[in-house]
Structures are given as structure tokens and as C-alpha cells.
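Okay, here's what each chain looks like letter by letter:
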Amino acid sequence: MNKSLRRLSFPYLLWILIFTVVPLLLVAFFALTAYDSNGSLYFTLDGFKNVFGGDTVAFSFLGLSVQLPLYINVFIRSLLIAMVCTLLCLLLGYPAAWIMAKMEIEHRRGSNILLFLLVMPMWMNALLRTYAWLALLEPKGIVNNFLGLFGLGPVQFLYNDFGIGLGMVYNYLPFMVLPIYSVLVKISPSLLEAAADLGADPRRVMLKVVLPMSRPGILSGINMVLMPAMTTFLIPDLLGGGRYLLIGNAIERQYMVSRDYTTGSALSIVLLIFVLLSMQIVARNTDPDADEGGLVA
Amino acid sequence: MKRKLNLLYLILVYVFLYAPIVVLIVFSFNASKSRTAWGGFTLDWYVKLFHNSEILDALKTTLIIACSSALISTAFAVLSCIGIYALPGRQRRLVMSITNIPNITPDLVTGIALMLLFFFINMPFGFVTLLLAHTAFNVPYAILSIMPKLRQMDIHLYEAAQDLGCTPGQAIRKVIIPEIKPGILTALILTFTLSIDDFVISYFTAGNEVTTLALTIYSMARKSVNPQINALSTLLFVSVLILLVIVNLRTSRQFSRRRKTATPGALV
Amino acid sequence: MIRKKGADTAVTSSRLHDATGTPHIIECLNLTKSFGETEVLKGISFYIRNNEFLTLLGPSGCGKTTTLRILGGFEEADAGEVSFEGRNLLDLPPYKRQLNTVFQRFALFPFLNVFDNVAFGLNIKKRPAKEIEQLVRKALRTVDLEGYETREIDQLSGGQMQRIAIARAIVNQPKVLLLDEPLGALDLKMRKEMQVELKQMQRDLGITFVYVTHDQEEALTMSDTIIVMKNGYIQQVGTPADIYNEPRNAFVADFIGESNIIPGKMLQDREVEIEGRLLPCVDPRKPEDQVDVVIRPEDIDISEPSEDLICGTVESVVFKGVHYEMLIESDGGFEWMVQSTDKAAAGSRVGLRFGPDDIHIMAKSDFSPDAAGPDSISRAYEAAEGGEGDE
């Protein structure tokens, strides 16, 4: 293509400098500075001291209990919840993606409308949809009323791990199904026939052919669920009743409530580094041509 | 039997996905203000909605921001994509991996980073910062929607256009843009959706002067959500549904005649 | 001498020699071009006569497509000059050049139908609608696709797309049509048909065609002039008959048609030693003793083995329709290909008979361009030294 067209990329280079590179550098900058009483900036490591030091809180998991600094505690809990939620999304989403892909492969129809229905909820405000779960799950809500018909409940769904986990799975499930579907649907039916022809029973076909081939989709699904689940502050805010602290809420409060930009930025930097590192691990496992590829896959 | 089990499974998944939406829609017709108890059918909330200036203002802001940031970011992305595409391989890959950064950065951090940028250069928070922030997060998505189409294009088309007398500008307008139109359409729909749906980035960059629908809902959600919001969401949901169905039908008809590509609407 | 203002880019007379006196529409001088480390063109010079069918022929990577793309304006030459009707061409962007291109894979606009594709260039030039319609119809008639106006591009076959690509170019009435391997995407039968049609079209339109191909048969069938290229150098320029009958080096001989290339030794004029036999020939002695001897398979006759002939054993015989193609292992250990209407049985001993003027002597060093002396059959090489003061 013509060299003169290269000039068209120059405004964009300036744009990513201003709106991608500089803002991220500013986060690092604010993590290492604070305002003194005169309103001028000075260098400080207080932000990172607050993140890695500070009060310790008991962290218990699977019967173990350790004393950890507050934010490390929050960080690990957020990661665990996000991982459980990602796993649930995968367990629920994979079969759904496979069934849809099979419909497309075998009948060449039906899956389009299903895909459409899958993304359609995103057109209703996520906050509102999450909020609607309150009506369903409240002690006097619709689900508990239903359970009451059988003399069960009321069950406490909200303001605990269950409520938050459900909110996350609900919000992020489509992001797991879509990439897995888009990989599965490309598997050629003759490949499955070949596997069967070579003596693999349906379970083996699934384990030895379909699952390995869908790895890029699974990895990209994990990518698309784990990070937002780990950093959300809306879902714990709504379904946790404001009492539940995850890393997203912790950061949000530093900026919007305590106005401690230094600690907030230090937390953001730690979170960002963690996220980029885990992305790196995932990226190394996906195929190299995906780097400039589309959005869904 | 197995097929029925599969179908049952899918139905359960979709019930899970649509249960809260159904609840929302049903309770927008609820005469009682309770979010759980049914108090009879009413259209009151829909009537009141059109007199509620707080909600209507938020809706207006949301739509203006979504439309303008979708248009600006897509137009900008089209030109940028052509420029990036013309870059030599190594530079192109570098630019594309920087383009991917906002994609892999959590929204929370993107929002905070943009807030710090505006704070640092002393820009007053309001409509302008909100629009800039939305455009900032939309541009990479627009580029990622358009770039694959451009890469599929036969590069000789651009040369053929020039050969036939087009200046570079004419060649872009008359050949490249029509050729990557499906990608541009995807980019428009995607950026519009992302912008309408965005809460996190608006939360950090809107300030106190302007408010979007998502911000309004968030401030209400802590107390109790006004059923008028349910009514508004129902209206928006239904109109989007109708719009997407029309777009999908039209494009799939066009495309099945011309070539077999995914319809742009189906992506979003 | 008085020069007009701004005429400094105009070259008033040719800097390249030409015996025929036909005007040159394009002249290229010392073109060089590199892509990164690779030198694709190493300083080539040639001219194109008005209304001729000129073919740039060579294996892939020889620089033929790059040369064409420089003419079209899609590639910038690193150094050198190109003049078009005496005016500098290289300063013009592609859209201002009076040349049109037929691209390798057609490059038809998929979002436009046949009519709009062909009308594209005229629309850009804002010609009146009535005129556009007439010209498009005429162009479609020329390529034999009347009535296809409203077809979509993806409803066309490869051959039809090819014709539309040509129509789209010629409708602009270019003085020169550039064709980049235009038949490469077609099947064999279609290719043969299109060869004849293209030649016919060129005559009818009365314009210059510059054609790029790696297919020697295509080049021989259609061209008035062939330029054989290799590794960024011109190897030979001439009519198809010149190039076939008098290849200037072993590469050209091998590339154009089938050839037997046998090492030989030449100690004096008009006598060459092959396989230990002294044979009369018509060429003068080359600067070096060691030479390549080229003999076309169809110039060899089969005869009874005898003392004064090169003899060998028939390895294989294949019937090719008009003739038999035989591979013969000579006593000297070389494999000879012979095409003859006479047949010899496999395993039999035969003698190879050919006349003095069937023997073509090539200096081994002729592979490099430096060997192109003033006696060259080429009409282009002297260009650089040819000098300015021709006026």
C-alpha cells in the first residue's frame, strides 16, 4: 500500500500517547507522590507501604487462617472469588457453547438466533439487571416465595459469597460462551467423524479432540471473565449490600470516598501489574495470529 | 432423549439470563411501588417517565454521548486503520499491541487513569471529559473491529482505484470505505453499545455536572430504584430489539446474496 | 537553443538508439530498486515503441513485476529515469498517468456491479452520464461481454472477471495498457483462448501493451518484442523469433523453449568441440575457450550411428502427438532431448545429426550483464553510454 497513507496513522499515534500511555504513567506517578499541606507534590512510598503493610486481618481459607495485611487480604479474596466465578462460567458455559455449536454444525441453523439471544441482555443496563436480582433473591423475594410454596426457606441468598458469585456468573457468562462457541463452530464435522472412525467413543472424541481444539476459546473466555470479575466494584456494592469489600471497591473508595490518590494509585498499579502478568501467561498459550484478530474470538 | 436434555439445558441457561429482565419488564407495569409484590397492572410509570426531567436529561446525555463518541471514534478508527495498515510490519505490530492495552486494562484502571489525566491537566469534569473518555475507550474497539476487514481486502483494490484516476483521498472514499463497510458498521454498533452500557468509566470522568442513565441508576440503586427506570429500560430494550432484528434481517438478506459473512449485528 | 519555460523535464529526443525510427512511447534509463536488503532491479534500461506488444518475461523474482509497478506508479524507483512521450513520468502520481493497469488477480471492486466497475474511471473524471454509458458499452463489446452490465462481480467466472478487468482499463482510452500476469489465475484452455484475443484486442485498439509473464509460451505467442529478465538484469531484448533462434546466453536458451545445453570448447572461429568431437559451426570465437553449446531438441535428427556423429542409447520415448520426444544418453555421459517425427526404439543405439547453424555458442560469462558487448542483438544496452548529443 502507498507510503503516503502512513501519515494517516500519525494522529492515532498521538492519540494513544495522550489517552493510553500518559494516563497509565500518571497512575504510576500519583502512586509515588502526595500533596503536602501547601498543595505541592512530593515523592513518597506511603502508597505502597499502605498496600503491603498496614493493619493485618485474619484470612481464612479451607480451615487455614493467616494474618495478612488488609489490602493483600482483600486482593487474595477478590482473586479467589473471581477464579471460582470463572470456573463456574466455564462449567456452565462450555456445554451451552458446545450444544449451540453442534446445532450450527449439524443443522446449519438455530444457532444464529441463540447467539442473538445470548448478547441481547447486554442491551439492558447491567446495573439494572443486577439490581433486578435483588427482587428475585430477597428474603421476601420471588424465589423465596416460590420455595415457600414447598415449605422451604426462606434462604439467605444475598449479601454473602453466593449473592456476589451469582451476580458475577450472571454478568459474565455470555463472555465465556461467545469465544468458546466461535472456536467450536469452526471444528469440521469430518474431524469428529474421523475420530469416531478411528475408534473413539463420544466421550473420547470430546476429551481428545474437541476439548484440545477449543483451548484458544477457553483461554480467551477466561481472559474475558477473570479480569472483570476480579476488578468489579458494582456487583459487591449491589449484591453485597455495601458491606463486602473486594479490590475494586477498595480502589474506588480510595479515590471517591477517602480521596487518597496515593494509596488508590498504588493499589491500581499493583492490580494492573498482576493483570498484565496473568494476561501474558494466557497470551503465551494462545496462537500467535490472534494478536491482531477480531473481538469475539 | 439426549437432544431433549441438551435443549433443556439451553433453556435453563436462557431462563437464568432472562429472569431478571422479565422481572424488570413485568414490574414496570406494577401498580405497587414494591419490587416484589404485584399490585395490579398500570401504565403510570410510563406516563410519569415522560415528565421526569432528571431521567430524561440523563437519557439525553447518554444518547448524545453514545452517538457522538461512536461516530467520532469510528471515523477516527477508519483513518487510523488505513494508516496503520500502510505501516511496515514491525511498526504495525507494535501499534496494534499498544492498541490492545486498553483492552486488557481493567475498566476500573482505565477510568481512574483518565480521571487522573483530566485532573492533572486541570480540565473541568463535565460533558467534555465524559465525551473524551468514552471516545478514548471506544477507539481501540473500533480499530479492532475494522482492522480484520481491512486485512481481508485485496490491497490491489487501492492501486486499481488510483490507476483509474482516483487521488488517494478519492480512493479511500470510493473503494476502501465501501469495501470495509461491514467492519465500520460493526464498529459503530459496538462503540454505541459500549458507550450506552458503560458505568465504570463514566463514574470516574463525569464529575457532578452531568449524569448518564447508568450513573442515575447507580445512585438510585443504593436506596430503591424508581419503577420509572424500569419503564425506560423496557422501552430502550424493546426498541433496540426491534432495531437489531431489522438490521439483522436486512443485512443477512444482503449478505447472503453477495457473500457469506457474519452479519455485523450478530456480533454485538 | 531556446527552451520553453518548465520544459526542463522534457526530453526532446531519444537517448536510446533505435534503428527502425518508430517513436518510443516509454523510455527507462538505469532503473534500480531495492526492497530492504534485496536488490530487485540492478539498473535496467529499455524502451517501448509506440503501439507494440511488449512482454517482460522471466522467472519469479526477476524484477519484471517491479518494473511494471514502477511504470504504473505503485512503486518508486530508487534511481533512474522513466519518460513517457518525452516527459518525466516518475514525478506523476499514478492517478495522473495515461497508463492503465490490469492487475494480477483482477482487483475488481466487489461492491460494484459490472457496469459500475467499468465506469469507475470515467465517473472519477466526471464525464457526462450519456458518454459514460456509450463508452462502457463499447468497452464491454470489445471484451465480448455485452449484456453483463447489471451482473455482480461474484457472479462472474474467472475468464469473465478477466475481461471486465481489461474493459475497466481500456474504457479510459489509455495510451499504454499494463498487464501483470493477467492470465495467471485462469485455467489452461481459457489461457490459450485469451492469448489470441488479447493480441487481437491490442491490434484493434492500436495502443501499446506492456505484458508481464513468466510463461515463455505466452510471451512467444503474443509479443512483438520480448524482454527477458533475470535477477534484476535484462538478459536479452528482441522479437520472439530472435530470442528463440538466437538466444544470447544459456539462461535465455533454457528459459525459452526446451534446450540441450552441453559444455563445449572453442579454440578458433567456426569450430567447436563437443563430447570430444570437432564440429563446424557459424559463430566466431568467444573470449574464453570454455563455452555452453545450445541445440534445440527439434533441430536434431535421429540417424544410424556413425563415426562422425555424436552417438548414444535411447533411454525413453514419449509420443507427443506431432512428434516423438526421446531422451538419449550420449557416450560422453550427457542427456540429450530430441524431438523428431522419426521414432527410435528404447534401448537402441542412434546417432544425433544436426547442422552447423543449429549449434548456438554461448559464452559462459554471458549470464552476467557485463558481457553485453556492442555486438549484442539487444537494442537497449548502449543506452547509458549512448549519450545526450544525439540532436
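Note on numbering: residues in each chain are counted from 1, in written sequence order. Key to labels: chains lettered from A, ligands numbered from 1, both in the order written. Note on the predicted model: pLDDT of at least 70 is required for a residue's local features to be given, and 80 or more for side-chain atom pairs to be given and counted; whole-chain, interface and lining totals, by contrast, use all residues.

J.: Can you lay out the overall build of chain A for me, pointing to particular residues and giving the numbers?
T.: Runs of E in the DSSP output that reach at least two residues are strands. Runs of H or I that reach at least four are helices, and both are numbered from the N terminus. Across its full length, chain A holds 13 helices and 4 strands. Each principal axis of the C-alpha atoms in chain A carries an extent, and together these give about 75 × 75 × 40 Å. Burial in this document is a count-based property: other C-beta atoms within 10 Å of a residue's C-beta are tallied, and the residue is buried at 20 or more, exposed at 12 or fewer, or partly exposed in between, with C-beta positions derived from the backbone. The buried share of chain A, reckoned over its 297 residues, is 41%. Here, residue contact means that the backbone-derived C-beta atoms of the two residues sit within 7 Å. If you take every contact in chain A between residues at least 6 apart in sequence, the share linking residues at least 24 apart comes to 66%.

J.: Requested: an account of the sheet that holds strand β10 (residues 233-238) of chain C, with residues and values cited.
T.: Residue and element names in this part refer to chain C. Spatial strand order, β6-β7-β8-β3-β9-β10: 6 strands in an open sheet with mixed pairing. Strand pairing shows two members of the sheet lacking a second neighbour, β6 (99-102) and β10, which therefore form its edges. Sheet twist, expressed as the average angle between the axes of neighbouring strands with direction ignored, equals 20°. Following DSSP output, two strands are said to pair if at least two bridges run between them. Pairing analysis gives 5 bridges linking strand β3 (residues 53-57) to strand β8 (residues 208-213), with the strands arranged parallel. Within β8, the position partnered with threonine 55 by the bridge is tyrosine 211. An axis is simply a line fitted to the C-alpha atoms; with a helix, the fit covers only the stretch in contact. Between two such axes, the angle follows the N-to-C directions and lies from 0 to 180 degrees.

J.: Would you mind going over the pairing of strand β13 (residues 277-280) of chain C in detail, with residue names and values included?
T.: Residues and elements named next belong to chain C. Bridging between strand β12 (residues 271-274) and β13 involves 4 bridges; their strand directions are antiparallel. Bridge pairing in β13 links glutamate 271 to proline 280. Linking two consecutive strands that pair antiparallel, namely β12 and β13, is a turn of 2 residues; a positive phi of about 50° is found at glutamate 275 within it.

J.: How would you sum up the interface of chain A and chain B? Please name residues and give values.
T.: Tallying the contact residues gives 72 residues for chain A and 68 residues for chain B. Of all the secondary structure elements, the ones that give two or more residues to the side of chain A that touches chain B are α1 (10-31), α3 (70-107), α4 (111-119), α5 (126-137), α10 (215-231), α11 (234-239), α12 (247-256) and α13 (261-285) of chain A. Of the residues in the side of chain A that touches chain B, the class split is 52 nonpolar, 12 polar and 8 charged. Ten residues, namely Ala, Val, Leu, Ile, Met, Phe, Trp, Tyr, Cys and Pro, are considered nonpolar, four, namely Asp, Glu, Lys and Arg, are considered charged, and the remaining ones, Gly among them, are considered polar.

J.: With reference to specific residues and values, describe the nonpolar core.
T.: Put simply, a nonpolar core is buried Ala, Val, Leu, Ile, Met, Phe, Trp, Tyr and Cys residues tied into one set by C-beta atoms within 7 Å. Val27, Ala97 and Tyr172 of chain A, Ile146 of chain B together with Ala167 and Ile227 of chain C are the most contacted members of the largest nonpolar core, which has 252 residues in total. With near-sequence residues (within four places) excluded, alanine 97 of chain A lies in contact with Val177, Ile180, Tyr181 and Leu184 of chain A.

J.: Quick one: what's the story with the interface of chain C and chain B, residue by residue and with numbers?
T.: The partner chain B presents 17 residues to the 19 residues of chain C that form the contact. For the side of chain C that touches chain B, the secondary-structure elements that each account for two or more residues are β6 and α2 (114-124) of chain C. The element best represented in the side of chain C that touches chain B is α2 of chain C, accounting for 3 residues. Across the side of chain C that touches chain B, the residue classes tally to 10 nonpolar, 5 polar and 4 charged.

J.: Pulling in residues and values, what's your account of the environment of glutamine 162 of chain B?
T.: Residue placement: glutamine 162 of chain B occurs in helix α8 (residues 156-163). According to the C-beta neighbour criterion, glutamine 162 of chain B is buried, with 25 such atoms within 10 Å. For the pair glutamine 162 of chain B and valine 175 of chain B, spaced 13 residues apart in sequence, the C-alpha to C-alpha distance is 9.8 Å. In this view, glutamine 162 of chain B contacts Ala171 of chain B together with Pro94 and Tyr95 of chain C; residues no more than four positions away in its chain are not counted.

J.: An account of the sheet that holds strand β14 (residues 290-295) of chain C is needed here, citing residue identities and associated values.
T.: Residue and element names in this part refer to chain C. Taking strand neighbours across the sheet as the criterion, the 5 strands line up as β13-β12-β11-β14-β20 in an open arrangement whose pairing is antiparallel. In this open sheet, the two strands that pair with only one neighbour each are β13 and β20 (360-363). Neighbouring strand axes in the sheet, compared pairwise and without regard to direction, differ in orientation by 45° on average. Here β14 runs beside β20; their pairing, made up of 4 bridges, is antiparallel. Residue pairing in the sheet places aspartate 292 in a bridge with methionine 362 of β20.

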